[in-house]
Amino acid sequence: MSKPVVLIAEELSPATVDALGPDFDVRHVDGTDRAALLAELATADAILVRSATKVDAEAIAAAPQLKVIARAGVGLDNVDIKAATAAGVMVVNAPTSNIISAAELTVGHILSLARHIPAAHGALAQGQWKRSKYSGVEIYEKTIGIIGLGRIGALIAARLQAFGTNVIAYDPYITSARAQQLGVQPVTLEELLAQSDFVTIHMPKTPETTGMIGEAQLKLMKPTAVVVNVARGGLIDEDALHAALTAGTIAGAGLDVFVSEPPTDSPLLGLENIIVTPHLGASTGEAQEKAGVSVAKSVRLALSGELVPDAVNVAGGVIDPYVRPGIPLLEKLGQVFSGLAQHSPLTSVDVEVRGELADYDVSVLKLAALKGIFTNVVSETVSYVNAPLLAEQRGINVRLITDSDSPEYRNVITLRGALADGSQVSVSGTLTGTKQIEKIVEVNGYDVEVPFTQHLVIMLYTDRPGIVAVYGREFGQAEINIAGMQIARHVAGGKALSVLTVDSPVPLTLLDSLRDAISADVMVAIDLSE
């Protein structure tokens, strides 16, 4: 059996390939060579890129086997996430790979601005000894204002507190308890700008945050204050910043990011009171290696069919170890459910999680259920990425319901659906014993306890003598071995539900014959995909 093909389109650290391991056919291509890239994508199961390779809709369409796009870094401007999601392709990045490097560069900018290090170096390198011109300030006991107290902002707070600074922060999503935990005083944006000697911004770039530091905000700052942006170009209005630096509204600025990169025509580059670096936030050997290793691990998870915590187009997140065994169970339940529901279009699905699992984040189980439901009913490849989209396109309402009350089992998960013809279907499953054996424990209101096997047959018929002999004979004549069987009923002589595990697939012709022979209301054969 051939190994999955992992295409590396840009230079990544040797540790990245080592992290992939021996289970993949690792190939290399110059991602900027469009023709070569598209040709190699034809057989690729995964592609690893940095920022130069454009993985757009055309590239995704050229990769029918593609399952994951991995960006060894933070940004995803070069990946068409919408096209990837529609194609069922997981997109992953390495969101924490550069946080230490970015935090340290921010501190470097602050110290350089406080002590005029770049300018002093430049002057001395030209033979000019200008000690008095480059007299600076200590950051000890100064007020540092951090806009955005996420992972990078928290790292900066910890590092600058070691200098004996007073750290304040503005973040509309941070709780007072979290700020107190970090030793930071939460304030409004206006208070932060007015009080700070050094302002550093660490917000995501959104329509709301673009230009959030503009002319009005710069005027609130002290004339001796400086502002630093190592986050995203455009968070600071560059025209307003140029005017403020020229007029002396503020004392200085440090920029690592720009609206347009490289900023070759920017008037900011000609000012003496600004320090600029060419987008070096993630440019350390350690950050690049972390990014490569991180996405390599994500690729391994994705190609093994598991959810990936760093997937940007999958609403799964980090999966608790207690929840993880439920994922394959839900996929199987989903396939059984779709088999039971095949007589009429599905209009709604409830994923009910009962028991101890209800105390955990089980959102991933809804994804797993949808993946299972659509696996054998649509022509396209179904993944955790596009399964919710498939449900939305078909107008299927999907709900996740949790309840800690589970009288019979420690945990039980039920898929319950309404069909267009007014009927309902349901199937429940659980994991039992120390080996966590996957079992079906309910079908359409009938209690059973049947371990999952690859081939299942479910029948509903009027309970009467001789029925088991009839279908036993039919299976025997077809040389299909019955490995296990359980029959459930509510009352004698009423309807009986029989669940059979068999050793081989059941032909449709045999199902039709059996349906007629026993006058079955339901006759379904389900072959579970691995």
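Residues numbered from 1 in each chain as written. Predicted model: local features only at pLDDT ≥ 70, side-chain atom pairs only at ≥ 80, totals over all residues. Heavy atoms only, no water.

Chemist: So what exactly am I meant to see when it comes to the overall build of the chain here?
Modeler: In terms of helices and strands, the chain carries 17 helices and 22 strands. Along the first, second and third principal axes, the C-alpha set of the chain runs to 105 × 50 × 40 Å. Out of the 530 residues in the chain, the part that is buried amounts to 48%. Contacts in the chain between residues at least 24 apart in sequence constitute 63% of all its contacts with a sequence separation of at least 6. Counting every atom, the chain has about 24700 Å² of accessible surface; 52% of that belongs to carbon and sulfur. Of the charged side chains in the chain, 39 are positive and 59 negative; the average position of the first set lies 3 Å away from that of the second. (Helix = DSSP H or I, 4+ residues; strand = E, 2+ residues; numbered from the N terminus. Buried < 20%, exposed > 50% of the residue type's maximum accessible area, 1.4 Å probe, protein only. Contact = heavy atoms within 4.5 Å. Areas by Shrake-Rupley, 256 points an atom, 1.4 Å probe, with all protein chains shown as cover. Lys, Arg positive; Asp, Glu negative; His and termini not counted. Charge placed at Lys NZ, Arg CZ, Asp CG, Glu CD.)

Chemist: What exactly am I supposed to notice about the sheet that holds strand S3 (residues 46-49) here?
Modeler: Note: strands within a sheet are paired through backbone hydrogen bonds, in either parallel or antiparallel orientation. Strand order in the open sheet formed by five strands is S2-S1-S3-S4-S5, with parallel pairing between adjacent strands. The sheet is open, and its two borders are formed by strand S2 (25-28) and strand S5 (90-92), each paired with just one other strand. Across the sheet, the mean angle separating the axes of adjacent strands is 20 degrees when strand polarity is ignored. Sheet topology places strand S1 (residues 5-8) next to S2; four bridges connect them, and they run parallel. Following the sheet pairing, leucine 7 is matched in S2 by arginine 27. Against the sheet, helix H2 (residues 34-41) makes contact with S1, S2 and S3, and its axis sits at roughly 165 degrees relative to S1, the strand it touches most. Across the sheet, helix H12 (residues 285-303) is in contact with S1, S3, strand S4 (68-71) and S5; its angle to S4 comes to roughly 170 degrees. (Pairing = 2+ DSSP bridges. Axes fitted to C-alpha atoms, helices over the stretch in contact; angles between N-to-C directions.)

Chemist: I'm lost on the pairing of strand S6 (residues 143-147) in this one. Help?
Modeler: Looking along a regular strand, one sees side chains alternate from face to face of the sheet. With respect to burial, S6 is a largely interior element, five of its five residues being buried. Where burial is concerned, the two faces of S6 agree: the one with Thr143, Gly145 and Ile147 and the one with Ile144 and Ile146 are both buried. With five bridges joining them, S6 and strand S7 (residues 166-170) adopt parallel strand pairing. Looking at the pairing, isoleucine 144 lines up with valine 167 of S7. On the question of chirality, the crossover connecting S6 to the parallel S7 by way of helix H7 (residues 151-161) is right-handed. (Right-handed = clockwise from strand over helix to strand, strands pointing away.)

Chemist: Is there a simple way to think about the packing of aromatic side chains in this case?
Modeler: Any two aromatic rings considered together are summarised by their centre-to-centre distance and by the angle between their planes. Taken as a whole and judged by the stated rule, the model has two aromatic pairs. Consider the rings of tyrosine 322 and tyrosine 360, whose centres lie 5.0 Å apart with planes at 35 degrees: the pair is tilted. Placement of the pair is tyrosine 322 in the loop between H12 and helix H13 (326-340) and tyrosine 360 in the loop between strand S13 (346-355) and helix H14 (363-375), with a sequence separation of 38 residues. Of the residues examined, tyrosine 322 reaches a relative accessible area of 27% and is grouped as partly exposed. Given a relative accessible area of 33%, tyrosine 360 falls into the partly exposed group. (Phe/Tyr/Trp six-rings, centres within 6.5 Å; stacked < 30°, edge-to-face > 60°.)

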